[in-house]
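# Tertiary structure, described
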Amino acid sequence: MSQQNLRFIVQPGGKLIGRIRVPGDKSISHRSIMLGSLAEGITQVSGFLQGEDCLCTLQAFRNMGVQIEGPSEEGKVTIHGVGLHGLKAPNTDLDMGNSGTSMRLMSGLMSGQAFDVRMTGDSSLSKRPMKRVTVPLAQMGARIDATEQGTPPLVVHGSSQLTGIHYEMPMASAQVKSALLLAGLYAEGETSVTEPAPTRDHTERMLRGFGYTVKTEGNHISLTGGGKLTAMAIDVPSDISSAAFFMVGASIAEGSDLIIEHVGMNPTRTGVIDILRLMGANLELLNPREVGGEPVADIRVRSAKLKGIRIPEALVPLAIDEFPVLFVAASCAEGETVLTGAEELRVKESDRIQVMADGLVACGIDARPTADGIIIQGGKLTGGTITSHNDHRIAMSFSIAGLRASSSMLINDCATVNTSFPGFVQLAYGAGLGISTDGE
Ligand code: S3P
C-alpha cells in the first residue's frame with residue numbers, strides 16, 4: 001500500500017540523456033486482467049504495469065476465484081480464465097484503491113454476474129462521480145447502490161437481467177464506454193454507444209483480440225451479448241502517459257537528448273505528441289511497429305524552444321491524462337497557452353485544473369484557471385513547495401518542472417506515484433533529474 005508522507009525533493013536544473021523504458025500501459029494492463037479472467041483458456045501477459053491501480057484489479061479477480069500467477073519482476077502474468085460465467089462471489093469487499101478505471105469498468109462487468117459485490121475506494125476515489133456509469137447501466141437493468149451524491153462505495157447487485165441499450169454519451173469518456181460494452185457482453189441483444197469525440201479504444205481492440213465481434217462505425221460502437229472470449233497473449237507496451245513526463249522534461253531542459261523505448265502509439269492516445277509538436281517540440285518517432293494489435297514506437301526527444309498555443313479542443317480527449325505535465329511545458333514556453341473544453345480534468349484523481357494552477361502560481365507562473373481549462377503565460381519557474389493532493393500525475397509533473405526551476409522543488413504526498421509509475425524516482429534520476437525522496 002502507499003506510504004503516506006513520501007516527499008520528493010528536486011534540485012533545480014539538469015538535462016535528460018540516454019535511453020529509458022517506462023512501465024507498461026495502465027489502461028491495457030487493467031483490461032488484460034479483466035478480459036483474461038473472463039476468457040476461456042490461459043492468457044499470458046507480458047509488460048504488465050505493477051502499479052497499485054492495476055494490482056487492485058488483479059486482486060479483485062483473485063478474490064472472485066480466478067487463478068492468476070505473477071506479476072513476475074519483468075511483468076509476466078498468467079491468467080487462468082474462468083469464462084464469462086465462471087466468477088465466484090468474493091467473500092470480501094473489492095478494494096479499488098485510487099483507481100477510477102477499476103471501479104467504473106467493473107461496475108459494468110459486475111452488473112452481469114450472478115452475485116452481489118461491494119466496491120470501495122480510497123479517499124480520492126470515494127469522491128469521484130459514478131453516476132456517469134450507474135445511470136446508463138440502470139437503463140440496461142443493472143441495480144447499483146451508491147451514496148446519495150452518486151459516489152462510492154458501490155454495491156452492484158447480481159442476477160439482473162440486462163438488456164442492450166443505445167446510449168448517447170454526454171461526455172467523452174473511455175471508462176463510460178467500456179463499462180457499457182462490458183455490461184453488454186451479458187446483455188440480451190445489442191449494446192451501443194455514441195461518443196461525442198473519440199476516446200481511447202483499448203477495450204474494443206482487446207475484445208476483438210479475444211475473438212469478440214465489436215463494430216466501430218465512426219463514433220458509434222456496438223456489440224451483441226452472448227458470445228465468448230478466447231484467451232490470447234498480450235504484450236503491454238509502455239504507457240504513453242508515463243512517457244509524457246519525459247517528453248516534456250527533455251523538451252524543456254536544455255541539452256537533453258532522450259530515447260523513450262517501446263511506447264504505445266494508439267492513435268486515441270497520441271494527443272500529447274500532437275500538442276507538443278504544435279508547441280515546437282522536437283519529437284522523432286523511431287522504429288514504428290505493431291505489438292499485439294497496438295502500434296508502438298521509440299520516441300527520440302531533444303530539447304527545443306517551445307511556444308504557447310491555443311490547444312485544439314479535438315485533441316483534449318486524446319491527451320486527457322497528460323495535461324498536468326503539458327501545463328509545465330506551457331509554463332516554459334514563450335507566450336500564452338490556452339486550454340478549453342477540458343472540464344473533465346476537474347473530476348480526475350484531483351481537480352487537475354485548480355491543483356496545477358495553484359502549484360504553478362506558487363512557482364511564480366501566471367496560471368489562471370477557467371471553468372473548462374486554463375490560461376498560462378510562459379515565464380520563469382521558481383522553485384516552491386507543492387502539494388500533490390495525492391494525485392500521482394501532479395507529483396510527477398512538478399518533479400519535471402524542477403528541470404527549469406531556479407531553486408528546489410519540494411513536493412508533498414507523492415506516495416500515489418506508485419499507482420501508475422512504480423520506479424519513477426529511480427528512472428528519472430538515472431536520466432538526469434536531480435530527484436530524491438524523504439519521509440515514510
Ligand atoms: C481511462 C480513461 C480515462 C483516463 C484514465 C484511464 C481508461 O478516463 O483519464 O486514466 O483506462 O479507460 P475517462 O474515460 O474518465 O476520461
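Here the structure is a predicted model, which means the values were calculated and not measured. For every chain, the first residue of the written sequence is number 1, and numbering continues from 1 along that sequence. In keeping with the predicted nature of the model, local features appear solely for residues at pLDDT of at least 70, side-chain atom pairs appear and are counted solely at 80 or more, and the whole-chain, interface and lining totals rest on all residues. Excluded from the side-chain calculations are hydrogens and water; all other atoms, namely the structure's heavy atoms, are used.

So, about the overall build of the protein chain. Only DSSP runs of H or I reaching four residues or more are called helices, and only runs of E reaching two or more are called strands; each is numbered from the N terminus. Secondary structure assignment for the protein chain yields 12 helices and 23 strands. The globule rule used for comparison is 2.2 Å times the number of residues to the exponent 0.38, while the radius of gyration itself is calculated over C-alpha atoms. Against the 2.2 N^0.38 benchmark of 22 Å for 440 residues, the protein chain shows a C-alpha radius of gyration of 21 Å, consistent with a compact globule. By principal-axis analysis of the C-alpha atoms, the protein chain measures approximately 60 × 45 × 40 Å. In the protein chain, which comprises 440 residues, the proportion classed as buried is 59%. Think of it in three bands: with a 1.4 Å probe and only protein chains considered, a residue is buried below 20% of the maximum accessible area for its type, exposed above 50%, and partly exposed in between.

Quick look at the nonpolar core now. Across soluble globular proteins, you tend to see nonpolar side chains buried next to one another. We define a nonpolar core as any set of buried Ala, Val, Leu, Ile, Met, Phe, Trp, Tyr and Cys residues linked to one another through side-chain atoms lying within 4.5 Å. Among the nonpolar cores identified, the biggest contains 82 residues, and Phe246, Met247, Ile260, Leu276, Phe323, Phe398 and Phe424 are the most heavily contacted of them. At nine residues, the largest contribution of residues to this core is made by helix H7 (residues 240–252). In this analysis, two residues are considered to be in contact whenever any of their non-hydrogen atoms come within 4.5 Å of each other. Ignoring any residue separated from it by four or fewer positions in sequence, one finds Phe323 in contact with Ile275, Ile311, Val316, Leu339 and Leu345. Ranked by size, the runner-up nonpolar core spans 64 residues in total, among them Leu38, Val156, Leu182 and Val193.

Turning next to helix H1 (residues 26–38). Any helix carries an expected span of 1.5 Å times its number of residues minus one. The first and last C-alpha atoms of H1 sit 19 Å apart over 13 residues, in line with the 18 Å expected at 1.5 Å per residue. Most of H1 sits out of view: 13 of its 13 residues are buried.

In this section: the packing of aromatic side chains. Ring geometry is summarised as follows: Phe, Tyr and Trp rings, the Trp one being its six-membered ring, pair when their centres sit within 6.5 Å, and such pairs are stacked at plane angles under 30 degrees, edge-to-face over 60 and tilted between the two. Summed over the entire model, instances satisfying the criterion amount to six aromatic pairs. Between Phe246 and Phe424 the ring centres are 6.1 Å apart and the planes differ by 55°, which places this aromatic pair in the tilted class. Residue Phe246 is located in helix H7, and its partner Phe424 is located in helix H12 (residues 424–431); the two are separated by 178 residues in the primary sequence. In this pair, the class of Phe246 matches that of Phe424, namely buried. Taken together, the ring pairs in this structure connect Phe8, Phe245, Phe246, Phe421 and Phe424 into an aromatic cluster.

This brings us to H7. For H7, which comprises 13 residues, the first-to-last C-alpha distance of 18 Å matches the rise-based estimate of 18 Å (1.5 Å per residue) to within 8%. Of all 13 residues in H7, 13 are buried; the element is thus mostly enclosed. Structurally, the start of H7 carries an N-cap: the backbone nitrogen of Ser241 is 2.8 Å from a side-chain oxygen of Asp239. Here a polar contact means two N or O atoms within 3.5 Å. Within protein one must be a hydrogen donor candidate and the other an acceptor candidate, and residues neighboring in sequence count only if both atoms are side-chain atoms.

A few words now on the pairing of strand S15 (residues 257–264). Counted residue by residue, S15 has six buried out of eight residues, so it is predominantly covered. Two strands pair under a simple rule: DSSP has to find at least two bridges between them. With four bridges connecting them, strand S2 (residues 17–20) and S15 associate as parallel partners. Considered in S15, the bridge of Arg19 is made with Ile259. Bridge count between S15 and strand S17 (residues 294–302): six bridges; the pairing is antiparallel. Among the inter-strand pairings, Ile260 is bridged to a residue of S17, identified as Ile299.

A pocket here means an open set of points on a 1 Å grid, computed over the protein atoms alone, that has protein on both sides within 12 Å along at least five of seven lines. A cavity is instead a set of points where a 1.4 Å probe fits but cannot get out; residues with an atom within 4 Å of a point line either one. Grid points are joined across faces, edges and corners, and a volume is the space filled by probe spheres set on the points. On inspection of all chains with the given rule, the structure shows one cavity of 30 Å³ or more. The computed volume of the largest cavity comes to approximately 40 Å³. Surrounding the largest cavity, Asp25, Ile28, His202, Pro237, Ser238, Ile240, Gly264, Met265, Asn266, Arg269 and Glu294 form its lining.

Time to look at the layout of surface pockets. For the largest pocket, the calculated volume is near 560 Å³. Along the walls of the largest pocket sit 36 residues, with Ala172, Ser173, Ile320, Glu344 and Lys348 positioned nearest its centre. When residues of the lining of the largest pocket are traced back to their parent elements, those giving at least two are H1, helix H3 (100–111) and helix H5 (174–184). Here the element with the most residues in the lining of the largest pocket is H1; it accounts for four residues. Just so you know the grouping, Ala, Val, Leu, Ile, Met, Phe, Trp, Tyr, Cys and Pro go in nonpolar, Asp, Glu, Lys and Arg go in charged, and all remaining residues, Gly too, go in polar. Of the residues assigned to the lining of the largest pocket, the class counts are 11 nonpolar, 10 polar and 15 charged.

Let us look at the pattern of salt bridges. Once the charged atoms of two side chains with opposite charge are near each other, the side chains can pair. Put simply, a salt bridge is a Lys or Arg side-chain nitrogen that is within 4 Å of an Asp or Glu carboxyl oxygen. By the definition in use, this model includes 22 salt bridges. For Glu344, the salt bridge identified is with Arg132, shortest N-O distance 2.9 Å. Remark: Arg132 occurs in helix H4 (residues 131–139) and Glu344 occurs in the loop between strand S18 (336–339) and helix H10 (352–362); sequence separation between them is 212 residues. Among the residues examined, Glu344 registers a relative accessible area of 16% and is labelled buried. The exposure class assigned to Arg132 is buried, which follows from its relative accessible area of 13%.

Next up on the list: the sheet that holds strand S13 (residues 220–224). Reading across from one edge, S10-S11-S13-S12 is the order of the four strands in this open sheet, with mixed pairing throughout. The open sheet has two edge strands with one neighbour each: strand S10 (166–168) and strand S12 (215–217). Each strand of the sheet is rotated relative to its neighbour by a mean of 15°, with strand direction disregarded. In terms of strand pairing, strand S11 (residues 190–194) meets S13 through five bridges, oriented antiparallel. Across the sheet, residue Thr194 finds its bridge partner in S13, namely His220. Comment: axis = line fitted to C-alpha atoms, over the contacting stretch for helices; angle = value between 0 and 180 degrees taken between N-to-C directions.

Here the focus is the site of the ligand. Taken together, Lys26, Ser27, Arg31, Thr101, Arg104, Ser173, Ala174, Gln175, Arg200, Ile320, Asp321 and Lys348 form the complete shell of residues around the ligand. Ala174 places a polar main-chain atom, nitrogen or oxygen, 2.8 Å from an oxygen atom of the ligand. Accessible surface area values rest on a Shrake-Rupley calculation with a 1.4 Å probe, where residue burial reflects the displayed protein chains alone. When the free accessible area of the ligand is taken as 380 Å², the share hidden by the protein chains comes to 95%. Only H1, H3 and H5 provide two or more residues apiece to the shell around the ligand. Nearness here has a simple test: a residue counts as near a molecule or strand if at least one of its heavy atoms is within 4 Å of that partner.

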